[in-house]
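Observations on chain architecture
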Amino acid sequence: MYVAVKGGERAIEHSWDLLATRRRGDTALPELSVSQIREQLRLAVARVMTEGSVYDEELAALAIKQAAGDLVEAIFLLRAYRTTLPRFGYTRPVDTGAMRMERRISAAFKDIPGGQMLGGTYDYTQRLLDFALLADGDVSADAPAGPVAPMEPMPHVLSLLDKEGLIEQETPRPGAPEPGDLSREPLAFPVERSTRLQNLARADEGFLLAIGYATQRGYAHTHPFAGEIRHGEVAIELDVEELGFAVEIGDIELTECQMINQFAGSGEIAPTFTQGYGLVFGHSERKAMAMALVDRSLRAGELGETIASSTQDPEFVLYHSDNVEASGFVQHLKLPHYVDFQSELELLRRLRAAKVPVPKEQVETEEENAA
Amino acid sequence: MNARAAETSMTEGYNFAYLDEQTKRMIRRALLKAVAVPGHQVPFASREMPLPYGWGTGGLQVTSAIIGRADTLKVIDQGSDETTNAVNIRRFFARTTGVATTTHTADATIVQTRHRIPEHPLTERQIIVYQVPMPEPLFRLEPRVTECRKLHALADYGLINVKYYEDIVQHGSIATTYDYPVLVNDRYLTSPSPIPKFDNPKMHMNPALQLFGAGRERRIYAIPPYTKVKSLDFEDHPFTVQHWDHECALCASTESFLDEMIVDDAGTRMFVCSDSDYCHGRRGDGEEA
């Protein structure tokens, strides 16, 4: 009779076995390798790296395999690994102006110095299912012919507006503190923009997408233009104290988005354009753009705009953006709550008993009448 | 290695008790501050743990920061050592520390708990670590952390008194049954974690050190030994705890917190102790639950 709360240990053991079997699926089919995931599911790998906050394609691919494709679970696996890694130091700020570009577009100007560069994008596919892929056909296209020559670094489009002073520039204000490190310090309000951006970079893509979408539908006062979206590789440099200069330690792929937003101006500042900023690992324009929308929306306070919506409230957005936190807390409802539920049962019975009970016969008569 | 072997072997390449020493030091600093200001929530840089947020990461980090090789650990969830979450956390520490574990409250030096305080009284040589989902006792009345911090700084607890007054007007009694807020050391309003209010009186002047960890919310707080802990109430509506018209069906206790079980399709109920170790002890059988 007491079985209900016994045998937890054995049940857990069997659960691991089942999980491993389910993950493997039909053993008649070859097992998926980590390098296949890394090469052929690169957008999933990018998302896991961004939200897992580790740039390591192999580990991200491993996490995706282990999580059977559940990306939020994979992100959690990667985060739990990341937390154990030693911290060697902080790299120099990356220079996205010197990015080796694969794609770069601006929706604000028809032509821009360096040109618009479409790159590989799903944007202009017609979303027709490609049944050739289903038939295991190798449909890899030939590498497009064209200039592969190293390109000159392209300046950011937004710096062009700067010449007229039409857009605020993203320069650290004098005396600004060093950026914090959210993985080493708890979030504390009021919160600096650098910390907000860290939070948004780690934030769940779906959450940012929904909040960003809400800002477009009137739950905030932003009027955005995609000033520039660029994707490509940047070099990572680390200052080595013993050497006295910075050493390039590798390249990473990034997607950057700069949104241009109107700003009506305030007592001291003339009307101007302001920026919202998004930056993510790998190729993910959806997340970078959503992040830029939400970043701008959260700047309402510092720009002296009226705060009328949750999308402008840093506490609301930043406390609920992390999917590792959210997924854990939502799913903790699976854990036993016998004791709390028992307490509520006891209260409910007592409250109901306190009400004058309706005599049973009366209830029966009424039911007969109703019938 | 199969899934089972991978999940049960001693961990390699990880520090004692999983967290690195720097992190443990950071947590210990927060703990010291928490003990110095009883009931006050101290922010700390909570780490991602290999357990989901909301499943005890705060308690896990506190235990990890204080556990030593000579410790004996007991882990309970809903009062029982055998619920899956308790089993999982106990296994985590067994794997990462190799310390002795026990189900007997009296033998433990550290008790990590979710939702209960053991029925067996704790002693000065014991530490109880609570897993806390929402450390802020006012969050249902004021969701903004910044506002709540002000209210605590000013000891302005009018909001919750009004809420309880309204409960009494509406229901005839305060309608909070678990996570029933307490005033610690006559100063800070504190969440006791979602223990039933039945357990609140055990916190008052308890000889054991009581530590609280909220991982997702990144807060640590503490109640030092022999500290005054008062459950909120009114002079004309004093605080009371739950009581049952039944006794435990297994050990016949009339003093413990009872869980209700539905034992057949006809909805027959059975009441048994929520604290499995206490229940076994009273029945005098040596069998592990």
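Residues numbered from 1 in each chain as written. Chains lettered and ligands numbered in written order. Predicted model: local features only at pLDDT ≥ 70, side-chain atom pairs only at ≥ 80, totals over all residues.

Moving on to the overall build of chain A. The secondary structure content of chain A amounts to 15 helices and four strands. Counting the 371 residues in chain A, one finds 29% classified as buried. (Helix = DSSP H or I, 4+ residues; strand = E, 2+ residues; numbered from the N terminus. Buried ≥ 20, exposed ≤ 12 C-beta atoms within 10 Å, placed from the backbone.)

Attention shifts here to the overall build of chain B. Looking only at helices and strands, one finds eight helices and twelve strands in chain B. Taken over the C-alpha atoms alone, chain B extends approximately 60 × 50 × 35 Å along its principal axes.

Residues and elements named next belong to chain B. Read from one edge of the open sheet, three strands run β7-β6-β10, paired in antiparallel fashion. Every interior strand has two partners, whereas the edge strands, β7 (188-190) and β10 (229-231), have only one. The mean angle between the axes of side-by-side strands here comes to 30°, regardless of whether they run parallel or antiparallel. Taken together, the three bridges between strand β6 (residues 182-184) and β10 define a ladder with antiparallel strand orientation. Bridging across to β10, Val184 finds its partner in Val229. (Pairing = 2+ DSSP bridges. Axes fitted to C-alpha atoms, helices over the stretch in contact; angles between N-to-C directions.)

This part is about helix α4 (residues 57-66) of chain A. Of all the positions in α4 of chain A, only Glu57, Leu59, Ala60, Ala61, Ala63 and Ile64 of chain A are classed as buried. Remark: Ala68 of chain A follows α4 of chain A within two positions and exhibits a positive phi of approximately 55°.

On the side of chain A, 45 residues touch chain B, which itself brings 50 residues to the contact. Elements with a minimum of two residues in the side of chain B that touches chain A: α1 (3-8), α4 (84-97), α5 (145-153) and β11 (258-262) of chain B. Considering each element in turn, the side of chain B that touches chain A owes the most residues, four residues, to α4 of chain B. Its residues placed into classes, the side of chain B that touches chain A shows 20 nonpolar, 16 polar and 14 charged. (Contact = placed C-beta atoms within 7 Å. Nonpolar A, V, L, I, M, F, W, Y, C, P; charged D, E, K, R; others polar.)

Further remarks concern unusual backbone geometry. With an omega of -5°, the peptide bond running from Phe189 of chain A to Pro190 of chain A counts as cis. Of note, Pro190 of chain A is situated in the loop between α7 (158-162) and α8 (193-202). The residue Asp179 of chain B is not glycine, and still its phi comes out positive at about 50°. Among the structural elements, Asp179 of chain B can be located in the loop between α6 (158-171) and β6. For Asp179 of chain B, a count of 21 C-beta atoms within 10 Å gives the class buried. At Met205 of chain B, a residue that is not glycine, the phi angle is positive and equals roughly 50°. By secondary structure assignment, the location of Met205 of chain B is in the loop between α7 (200-203) and β8 (209-214).

A word on the packing of helix α9 (residues 205-216) of chain A against helix α10 (residues 285-298) of chain A. Residue and element names in this part refer to chain A. Across the interface, α9 lies against α10 with an axial gap of 8 Å and an inter-helix angle of 55°. Between α9 and α10, the crossing angle belongs to the class labelled oblique. Both α9 and α10 take part in a crossing whose hand is left-handed. Contacts from Glu205, Leu208, Leu209, Ile211, Gly212 and Thr215 in α9 reach Arg286, Lys287, Ala290, Met291, Leu293, Val294 and Ser297 in α10. For the contact of α9 with α10, a count of residues per class yields seven nonpolar, three polar and three charged. (Parallel < 35°, antiparallel > 145°, perpendicular 65-115°, else oblique. Left-handed = near helix turned anticlockwise from the far one by under 90°.)

All names here are of chain A. Inspection of the secondary structure assignment puts Thr255 in strand β3 (residues 245-263). Sequence spacing of Thr255 and Glu285 is 30 residues, and the spatial spacing of their C-alpha atoms is 6.5 Å. Those residues within four positions of Thr255 in sequence are excluded, and the remaining contacts are His231, Val280, Gly282, His283, Ser284, Glu285 and Ala288.

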